[in-house]
Amino acid sequence: MARTALVVGASGIVGSATAALLVEQGWTVHGLARRRSTQHGILPVAADLQDAAGTAAALAGVNPDAVFITTWARQDSEAENVRVNSAMVRNLLDGLPTATGPRHVALVTGLKHYLGPFESYGKGTLPQTPFREEQGRLDVANFYYAQEDEVFAAAARDGFTWSVHRPHTVIGKAIGNAMNMGTTLAVYATLCRETGRPFRFPGSAAQWSGLNDMTSARILAEQLLWAATTPVAANEAFNIVNGDVFRWQWMWSRITDWFGIEAAPFDGTVQPLEQQMAGDAALWRQIAERDGLAEPDLARLASPWHTDADLGRPIEVITDMGKSRRLGFTAYQPTDDAFFDLFAQLRADRLIP
């Protein structure tokens, strides 16, 4: 039978990858975003999730078998993150038409479930690595917890099944995304090649030499689809990473090889990208005009602040995948391949030269 999905945040890294996979698998896909999606095969739904009445009106003709929530709105404080992002999930679930059959709701959060929100990121008493799903919530306000609670409450009221997905840093393509390490590093490498500046690892010694993992948007999309269609995965939370581990001292050289540049030696000091790239907007616009690139606005491509937060962590972060593996989810992608696939896509789409 044909199935219908609603992808919330369809223009983002996770949402666009999920929508593409669902279309490929023959689903009818409605893509909700503040601006109508132009992605191939997607039925666009324009709505601002902070507007409850407007959201309900936009969803009046949409009756999905599965809902994939892949969006959030960054605020100035965690208290505001909690207030705004919980309301967005609540408005969405309240605004959906009553289901005419079984429905599944999947929520994408992340490893800040274990590491804490931006205001207390990686501080205090943290659970032991590798992170496992059964490890409880931290005793701090966290908008991920608030989003989960909205899903749990609506599921109890409306009778749908749910899943929660906790990726590490996601590698994938999106424009105007607040958390986009892969494209940020591609833009940074391009600027270094253009100017002859050293390609410096911006983060901490712990990240440079410690073990790490990441999440391809494609692998995350595959887990979302698996959980929505696999009965034993219902009403569970799952970590999701690529399945390999690496050290940045190795990955950094893999990235430099792809771009044909040399890496500067790492001297153990943190040199944030937000500082290194602070004056590069005009230069990027010149490169974009010269090479006919599709996006001349550096701020819409790169998110140095988020890359700095991840690469500057003073602790090792490793994620356990045993739970979903035991239930049958076996998708895998080497993380360097995930970066290379993204870089090739960015070049093909004229986002980098």
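What counts, and where the lines are drawn
- Residues numbered from 1 in each chain as written.
- Predicted model: local features only at pLDDT ≥ 70, side-chain atom pairs only at ≥ 80, totals over all residues.
- Heavy atoms only, no water.
- Phe/Tyr/Trp six-rings, centres within 6.5 Å; stacked < 30°, edge-to-face > 60°.
- Buried < 20%, exposed > 50% of the residue type's maximum accessible area, 1.4 Å probe, protein only.
- Helix = DSSP H or I, 4+ residues; strand = E, 2+ residues; numbered from the N terminus.
- Pairing = 2+ DSSP bridges.
- Axes fitted to C-alpha atoms, helices over the stretch in contact; angles between N-to-C directions.
- Contact = heavy atoms within 4.5 Å.
- Parallel < 35°, antiparallel > 145°, perpendicular 65-115°, else oblique.
- Nonpolar A, V, L, I, M, F, W, Y, C, P; charged D, E, K, R; others polar.
- Core = buried A, V, L, I, M, F, W, Y, C linked by side-chain atoms within 4.5 Å.
- Left-handed = near helix turned anticlockwise from the far one by under 90°.
- Expected span 1.5 Å × (residues − 1).
- Polar contact = N/O pair within 3.5 Å; in protein donor to acceptor, adjacent residues only side chain to side chain.

Colleague: Explain the packing of aromatic side chains to me, please; I cannot follow it from the model alone.
Modeller: Geometry of an aromatic ring pair is reported as the spacing of the ring centres plus the angle between the planes. Tallied over the entire structure, the rule returns 22 aromatic pairs. With 5.0 Å between their ring centres and 50 degrees between their planes, Phe201 and Trp208 make a pair best called tilted. For the pair formed by Phe201 and Trp208, the shared burial category is buried. Considering the side-chain rings of Trp248 and Trp252, the 6.2 Å spacing of their centres and the 70 degrees angle between planes classify their relative orientation as edge-to-face. Here Trp248 and its partner Trp252 are both found in helix α9 (residues 248–259), 4 residues apart, which amounts to about one turn of the helix. This pair shows no difference in class: Trp248 is buried, exactly as Trp252 is.

Colleague: Got a minute to help me understand the sheet that holds strand β3 (residues 42–46) in this structure?
Modeller: Reading across the sheet, the 7 strands line up as β3-β2-β1-β4-β5-β6-β10 and stay open at both edges, with parallel pairing between neighbours. In the strand order of this sheet, the two ends are held by β3 and β10 (236–240), each with one partner. This sheet shows a mean twist of 20 degrees between the axes of neighbouring strands, independent of strand direction. Pairing of strand β1 (residues 4–8) with strand β2 (residues 28–33), which is carried by 5 bridges, proceeds in the parallel orientation. The residue bridging Val7 from the neighbouring strand is Gly31, located in β2. Running over the sheet, helix α1 (residues 13–24) touches β1, β2, β3, β4 (66–69) and β5 (104–108) and is turned about 165 degrees from β1.

Colleague: Is there a simple way to explain the packing of helix α6 (residues 181–195) against helix α13 (residues 304–311) in this structure?
Modeller: Two elements in contact, α6 and α13, have axes separated by 9 Å at closest approach and are oriented at 105 degrees. Here α6 lies roughly perpendicular to α13, going by the angle between them. Every residue of α13 that contacts α6 at Met181, Thr184 and Leu185 is listed here: Pro304, Thr307, Asp310 and Leu311. Grouping the amino acids of the contact of α6 with α13 by side-chain chemistry returns 4 nonpolar, 2 polar and 1 charged.

Colleague: Even after reading the chapter, I still don't get the pairing of β5, so can you show me in this structure?
Modeller: Where a strand is regular, its side chains alternate between the two sheet faces. Extensive coverage of β5 is indicated by the burial of 5 of its 5 residues. Neither face of β5 is left uncovered, since the one carrying His104, Ala106 and Val108 and the one carrying Val105 and Leu107 both have all their residues buried. Bridge count between β4 and β5: 4 bridges; the pairing is parallel. Following the sheet pairing, Ile69 is matched in β5 by Leu107. Sheet analysis places β5 next to strand β6 (residues 161–167), joined by 5 bridges and oriented parallel. The partner of His104 across the bridge, within β6, is Thr161.

Colleague: Any chance you could explain the nonpolar core here in plain terms?
Modeller: Nonpolar side chains in soluble globular proteins tend to end up buried together. Counting residues in hydrophobic clusters, the biggest one holds 39 residues, and the most contacted among them are Trp248, Trp284, Phe339 and Phe343. For this core, the secondary structure elements donating two or more residues are α6, α9, α11 (281–291), α12 (298–301) and α15 (335–348). A total of 8 residues in this core trace back to one element, the largest contributor, which is α6. Leave out the neighbours within four places in its chain, and Phe339 touches Ile171, Met181, Gly182, Leu185, Met214, Trp248 and Met251.

Colleague: In this structure, what is going on with the side chain of Asp336? I would like to understand it.
Modeller: Along the chain, Asp336 falls in helix α15. Setting aside chain neighbours within four positions, we find Asp336 in contact with Trp250, Met251 and Arg254.

Colleague: What am I meant to see in the side chain of Ser303 here?
Modeller: With respect to the secondary-structure elements, Ser303 resides in the loop between α12 and α13. Overall, Ser303 belongs to the buried group, its relative accessible area being 2%. Those residues in contact with Ser303, other than ones at most four positions away along the chain, are Asn177, Ala178, Met179, Asn180 and Thr184.

Colleague: How should I be thinking about the packing of helix α3 (residues 78–95) against helix α5 (residues 143–158) in this particular structure?
Modeller: Two quantities define a packed helix pair, namely the angle between the axes and the distance from one axis to the other. It is at 8 Å that the axes of α3 and α5 come closest, and there the two elements cross at 25 degrees. Put simply, α3 runs roughly parallel to α5. Between α3 and α5 lies a crossing whose hand is right-handed. Side by side, α3 and α5 meet where Glu78, Asn81, Val82, Asn85, Ser86, Val89, Arg90, Leu93 and Asp94 of the first sit next to Phe143, Ala146, Gln147, Glu150, Val151, Ala154, Arg157 and Asp158 of the second. Of the residues assigned to the contact of α3 with α5, the class counts are 7 nonpolar, 4 polar and 6 charged.

Colleague: What's the story with helix α8 (residues 217–229) in this structure? I'm lost.
Modeller: Since the α-helix turns once every 3.6 residues, residues separated by three or four places project in the same direction. Between its first and last C-alpha, α8 extends 19 Å over 13 residues, near the 18 Å set by a 1.5 Å rise per residue. Among the 13 residues of α8, 10 are classified as buried, and the element is accordingly described as predominantly covered. Within α8 the residues assigned to the buried category are Ala217, Ile219, Leu220, Ala221, Gln223, Leu224, Leu225, Trp226, Ala227 and Ala228. You can read the cap of α8 off the contacts: a side-chain oxygen lies 3.1 Å from the backbone nitrogen of Arg218, and it is on Ser216.

In short, shape yes, function no, at least from these values alone.
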